[in-house]
Amino acid sequence: MTRFVSMSNTQLCALLAIVVVAWASPARAQSCDIVVPTDQPTIQDGIDASVDTQTVCVEAGTYYETIDLQGKAIHLLGLDGPDATVIDAGGSGTVVSIVNGEGSDTIVDGFTVTNGYASTGGGFYLTGSSPTITNVIVTGNSASGNGGGVSLRFADATLTNVTVRENSSGDNGGGISTYIGTLELTDVFVEENETADDGGGIRTKQTTVTMTNVVSRNNVAGEHGGGIYLDGSTPYMENIAVDGNTAVNRAGGIYIYNTSSGWLNNVRIAGNETGIHGGGMYVYAATPTLTNLAVRGNAAGDAGGGIYVYSAPLVLNNVIVSENTAPNYGGGIHLMYGYAPTVL
């Protein structure tokens, strides 16, 4: 049943016992084949010296360099975790490039990745690869184009226990940007990122997106989708919080465009703002199933304070819409052109 009522604390807690990312304990028991800087002076030297299946361990410290995994199936490991092990590009390019057919057995684990600047992918740039990225903080990176923190093009990636914070882009995806591929996010924080265009936190295009235990908060988009922008992508999203994001035009929280399938389950969309339509969510020519959603306290400058629906036959199952505002049309939900939602 879909209700448009105030939400109790019990309901809110039941909807989202969301994500506290806990970094793995320091990996001192890990078997190391190469240790940086003991065996090799830089991380790139350690990668160059390694062969498939080896573990390249990196001692605590700040390493001023950019690195390329060179297609190797290795485990690159910061022994003392991301707070102690930093790769700083000094604004000289992408910090970590994974662009040579690497598979899921190429693992980047236990680093802070910072101060990258590139045309695309300031922190990480992935193309033609499918690595595993875990226990990583991506912060303070920028791109003149897409993906201030992380950029995927024709790539598949798994990110687990990752924080993407305070990155920026001149085009799309202040935190994360994808174009054609698959993206799997588990236990991920995306916060305080900014883009001049779409997707302050996350922007995906023609991508299958699986998100579990993800928080997108306090991100800013100069156009649409302050928290998350999904363009021609298929979302499978569970246990998600999209809070306190801002977009200048549409969808302070989530923008879903041009997708014929997918679902969102156990999602809180709260305290987001947009200048025109869809304070919490804007759905355009898309048909995701929305189950167990709490859309609360969002604001739009014109219409659809909670949800703005444009030519989209939504399916709503146990959706709570409350305390949203818009000065002209649809403080809760505004329907434009055609379809009434299916309410279960």
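Scroll up to find the structure.
The structure reproduced in this document is the subject of the present report. Given the structure is predicted, the values throughout are model-derived calculations rather than measurements. (Residues numbered from 1 in each chain as written. Predicted model: local features only at pLDDT ≥ 70, side-chain atom pairs only at ≥ 80, totals over all residues. Heavy atoms only, no water.)

**Description of the overall build of the protein chain**
So, point 1. Looking only at helices and strands, the protein chain features two helices and 31 strands.
So, point 2. Here the C-alpha radius of gyration of the protein chain, 20 Å, is about what a compact globule of 344 residues would show, namely 20 Å.
So, point 3. Dimensions of the protein chain, computed from the C-alpha atoms along their principal axes, are close to 65 × 40 × 30 Å.
So, point 4. When burial is assessed residue by residue, the protein chain has 56% of its 344 residues classed as buried.
So, point 5. Surface accessibility of the protein chain: about 12000 Å² in total, with carbon and sulfur atoms responsible for 47%. (Helix = DSSP H or I, 4+ residues; strand = E, 2+ residues; numbered from the N terminus. Rg over C-alpha atoms; globule rule 2.2 N^0.38 Å. Buried < 20%, exposed > 50% of the residue type's maximum accessible area, 1.4 Å probe, protein only. Areas by Shrake-Rupley, 256 points an atom, 1.4 Å probe, with all protein chains shown as cover.)

**A look at the sheet that holds strand E16 (residues 194-195)**
So, point 1. Strand order across the open sheet formed by eight strands is E9-E12-E14-E16-E18-E21-E24-E27, with parallel pairing between neighbours. At either margin of the open sheet sits one strand with a lone partner, and together these are strand E9 (117-118) and strand E27 (299-300).
So, point 2. Pairing of E9 with strand E12 (residues 142-143), which is carried by two bridges, proceeds in the parallel orientation. In the strand pairing of E12, Ala 118 is matched with Ala 143. (Pairing = 2+ DSSP bridges.)

**What to know about the state of the cysteines**
So, point 1. Counted under the stated rule, the structure contains one disulfide.
So, point 2. Here Cys 32 pairs with Cys 57 through a disulfide, and the sulfurs are 2.1 Å apart. A torsion of -90 degrees about the S-S bond marks the disulfide between Cys 32 and Cys 57 as left-handed. You can see Cys 32 sitting in the loop between helix H1 (9-15) and strand E1 (34-36) and its partner Cys 57 sitting in strand E2 (residues 55-58), a full 25 residues away along the chain. (Disulfide = S-S within 2.5 Å.)

**Concerning the pattern of salt bridges**
So, point 1. The tally for this structure, following the rule as stated, stands at five salt bridges.
So, point 2. For Arg 296, the salt bridge goes to Glu 323, with nearest N and O atoms at 3.2 Å. Taken as a pair, Arg 296 in strand E26 (residues 289-296) and Glu 323 in the loop between strand E29 (315-322) and strand E30 (333-336) lie far apart in primary sequence, 27 residues in all.
So, point 3. Since its relative accessible area comes to 25%, Arg 296 is described here as partly exposed.
So, point 4. Residues joined in a network through salt bridges with shared partners are Arg 165, Glu 191 and Arg 217. (Salt bridge = Lys/Arg side-chain N within 4 Å of Asp/Glu carboxyl O.)

Everything listed here is a matter of coordinates, which is why it stays silent on function.
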